[in-house]
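Observations on the model geometry
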Amino acid sequence: MSMKVSDHVLERLRDWGVEYVFAYPGDGINGLLAAWGRADDNPRFIQARHEEMAAFEAVGYAKFSGKVGVCAATSGPGAIHLLNGLYDAKLDHVPVVAIVGQTNRSAMGGSYQQEVDLLSLYKDVASDFVEMVTVPEQLPNVLDRAMRTAMARRTVCAVIIPADVQELDYSPPEHAFKMVPSSLGMPHYAPVPGDEDLSRAAEVLNAGEKVAILVGQGARGARTEVMEVADRLGAGVAKALLGKDALDDDLPYVTGSIGLLGTRPSYELMMDCDTLLVIGSSFPYTQFLPQFGQARAVQIDIDPHMVGMRYPFEVNLVGDARETLTRLLPLLKPAKDRGWRQKIEKDVSRWWEVMERRAAVDADPVNPEYVAHALNDLLPENVIIASDSGSAANWYARHLKLRGAMRGSLSGTLATMGPGVPYVIGAKFAHPDRPAIALVGDGAMQMNGMAELITIHKYWREGQDHRLIIAVLNNQDLNQVTWEMRAMAGAPQFLPSQSIPDVAYADFARSLGLNGLRVEKPEDVRGAWETALGSDKPCVLDFVTDPAVPPVPPHATLDQIEAAATSVLKGDSDRAAMVRQGFKAKVQEFLPGGRHREDRAGAGGGR
């Protein structure tokens, strides 16, 4: 039997080491589906419930494996559905390749069923490489370039294959004019800046007396080097949300997340420093960085297109974080005065005390901060955690201490709803021997998480470690937007847009043969986590939480907290008073009034 184009696509993916393709079927990729049958499902076709979820699963797989995530969809609506997940990958700099079908070449331009101009549609999301295959000889070059570009530029690439082309006999490119042969492989490389630039950076950093470091996901492979630089300079280290697992949260000088979802020590670190070093991050919210002119600044990033943004950096170093820091370290002088570091460590210690007290505040019925805080002591050392967007991201950012081999991520830049559950599905395919936890809001769960429980039901038995926990913060409110309305517009909750139904998430999980627990009392929270972590199958924890617990921004004052609490439920003065008094009593120690900004920012976490 002759090899068809569709057969060659799968063979080439295998040659690239692709093990899984997250997808949903449709007649626009019937040729590929038939090839999968002939190839004994190699690479594995992982069936999501929706193309957007397939893309999110590919993103989760790529984030937690370090490999290229591959997803596939049919023509027209299938290709359109992939877009949100693909934009999540593009904005978070994650390598993903999408393979999509298209109508037959003979029907193009004829307003045919499911005919969409996919080259135009994908021109932005796959701006680094998108191509349509019209003859067999274009392969393997198109697929090779998509894989190589996705890896090299950490971005989204797309390959469009019309349905009739999938069925053609494959013939390789010849040694001839206008034929483009190709080869496999992506060699490892670690660019480094020049000696002159390193010397300039060292001069800036050595002159600083109060050095702050901000790390993002680009610093993940340089954990030891970041620690050595921080110790040498007596610096504190803040983390963009996508870099939350780049450095251990239990280090005394690590101030935690930065931004609207960040911590008070990170805010104070940036407000008081005189020198800033940014490593592998394009954190977007300049209002949480030092005032312009306050601090001299150095940036390190592997991507030359990402340097020089967000802040007036004096020196921009283009290079791999680990290799660059290794070359920079011998040029750095030890800090003479350790007072700055001592202040940072004191602030961090106080912050964790405040987090513990905030988690202990009474709520109706369960404080969502306690749900996250109670998990800390129970986290397995090799756990993978995904947070969804929304108020859940606040508690993930502030309460969970990631350390050692623990991994965590969320939709940092697009800040889209819905990736929490598919992220951990992708993570379990990347690491079937590790436990995974998704922390999601009920809005995201209703949007798409419940359907992906079916995907979990379909595949959960395949891994060595069956622990997969979906923790739902069930407050019957689209809570992040509700609090943004209060904080930014001074508006009470608008029930027609914000109120959502109470759903029996645990019951639904049990109906699929998974485990499920509903938790309505704070004294049951820790036991529920322990039960789920000790389970031999995936488990949904339905935590009934209080929507009136405010995600207090790090620069908030008592007046702002009181104003937000007063507007919790218009006309419910008793309820507002409880929130106001409770949080005022618990956080006033750590909120010195008058030292804040009125700047506003979005809910994303940045790179």
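Residues numbered from 1 in each chain as written. Predicted model: local features only at pLDDT ≥ 70, side-chain atom pairs only at ≥ 80, totals over all residues. Heavy atoms only, no water.

**Here we look at the overall build of the protein**
In terms of regular secondary structure, the protein is built from 23 helices and 18 strands. Radius of gyration (C-alpha) of the protein: 25 Å, near the 25 Å computed for a compact globule of 607 residues. Taking the principal axes of its C-alpha atoms as reference, the protein extends roughly 75 × 65 × 45 Å. Taken over 607 residues, the protein has a buried fraction of 58%. Considering only contacts within the protein whose residues lie at least 6 apart along the sequence, 75% involve residues at least 24 apart. Of the charged side chains in the protein, 61 are positive and 77 negative; the average position of the first set lies 4 Å away from that of the second. (Helix = DSSP H or I, 4+ residues; strand = E, 2+ residues; numbered from the N terminus. Rg over C-alpha atoms; globule rule 2.2 N^0.38 Å. Buried < 20%, exposed > 50% of the residue type's maximum accessible area, 1.4 Å probe, protein only. Contact = heavy atoms within 4.5 Å. Lys, Arg positive; Asp, Glu negative; His and termini not counted. Charge placed at Lys NZ, Arg CZ, Asp CG, Glu CD.)

**A word on helix 17 (residues 442–459)**
Along its length, helix 17 shows its largest kink, about 55°, at Asn448. Turning to helix 17, its buried residues number three or more, namely Asp442, Gly443, Ala444, Met445, Asn448, Gly449, Met450, Glu452, Leu453, Thr455, Ile456 and Tyr459. (Bend = angle between axes of the 7 residues up to and from the residue.)

**Looking at the pattern of salt bridges**
Throughout the structure, instances matching the rule amount to 30 salt bridges. Here Glu314 and Arg296 are joined by a salt bridge, their closest N and O atoms 2.7 Å apart. Taken together, the positions of Glu314 in the loop between strand 11 (296–301) and strand 12 (315–318) and Arg296 in strand 11 put the pair 18 residues apart, joining distant regions of the chain. Note on Arg296: relative accessible area 28%, which makes it partly exposed. The closest approach of N and O atoms between Arg341 and Glu345, which form a salt bridge, is 3.6 Å. One end of the pair, Arg341, and the other, Glu345, are both in helix 13 (residues 339–359), 4 residues apart, so they sit about a helical turn from each other. Exposure remark for Glu345: the relative accessible area of 29% places this residue in the partly exposed category. Within this structure, Asp502, Arg518, Glu520 and Asp542 form a network of salt bridges that share partners. (Salt bridge = Lys/Arg side-chain N within 4 Å of Asp/Glu carboxyl O.)

**A short note on the sheet that holds strand 12**
Through backbone hydrogen bonds, the strands of a sheet pair up, either in parallel or in antiparallel fashion. An order of 9-8-7-10-11-12 is seen for the 6 strands of this open sheet, with the pairing classed as parallel. Taken across any chain shown, the strands that pair with only one partner, and hence form the sheet edges, are strand 9 (254–257) and strand 12. Strand after strand, the sheet turns through a mean of 15° between neighbouring axes, direction not considered. Alignment of strand 11 against strand 12, held across 4 bridges, turns out to be parallel. Bridge pairing links Ile300 to Leu317 in strand 12. Packed on one face of the sheet, helix 12 (residues 321–328) meets strand 10 (275–279), strand 11 and strand 12 and runs near 130° to strand 11. (Pairing = 2+ DSSP bridges. Axes fitted to C-alpha atoms, helices over the stretch in contact; angles between N-to-C directions.)

**Some details on the sheet that holds strand 17 (residues 515–519)**
Read across the open sheet, the 6 strands follow the order 14-13-15-16-18-17; overall the sheet is parallel. Edge positions in the open sheet fall to strand 14 (407–409) and strand 17, since each of these has one partner strand only. Mean inter-strand twist for the sheet, computed between neighbouring axes without regard to direction, equals 15°. In this structure, strand 15 (residues 436–441) lies alongside strand 16 (residues 468–474), joined through 6 bridges in parallel fashion. Opposite Leu439, over in strand 16, you have Ala471 as the bridge partner. Relative to the sheet, helix 21 (residues 525–533) contacts strand 15, strand 16, strand 17 and strand 18 (539–544), its axis offset from that of strand 18 by approximately 170°.

**Details of the nonpolar core**
In terms of nonpolar packing, the biggest core is built from 64 residues, with Leu214, Met270, Trp529 and Phe543 touching the most fellow members. When residues in this core are grouped by element, the largest group, 7 residues, is from helix 13. With near-sequence residues (within four places) excluded, Trp529 lies in contact with Val371, Ala374, Leu375, Leu378, Ile437, Ile469, Ala471, Leu541 and Phe543. If you look at the next biggest cluster of nonpolar residues, it comprises 59 residues, including Tyr20, Ala58, Val130 and Val540. (Core = buried A, V, L, I, M, F, W, Y, C linked by side-chain atoms within 4.5 Å.)

**Description of the pairing of strand 10**
Among the 5 residues in strand 10, 5 count as buried, and that is most of the element. Where strand 7 (residues 211–215) meets strand 10, 5 bridges bridge the pair, whose relative direction is parallel. In the strand pairing of strand 10, Leu214 is matched with Val278. Here strand 10 runs beside strand 11; their pairing, made up of 5 bridges, is parallel. Residue Leu277 lies in a different strand from strand 11, and its bridge partner there is Val298.

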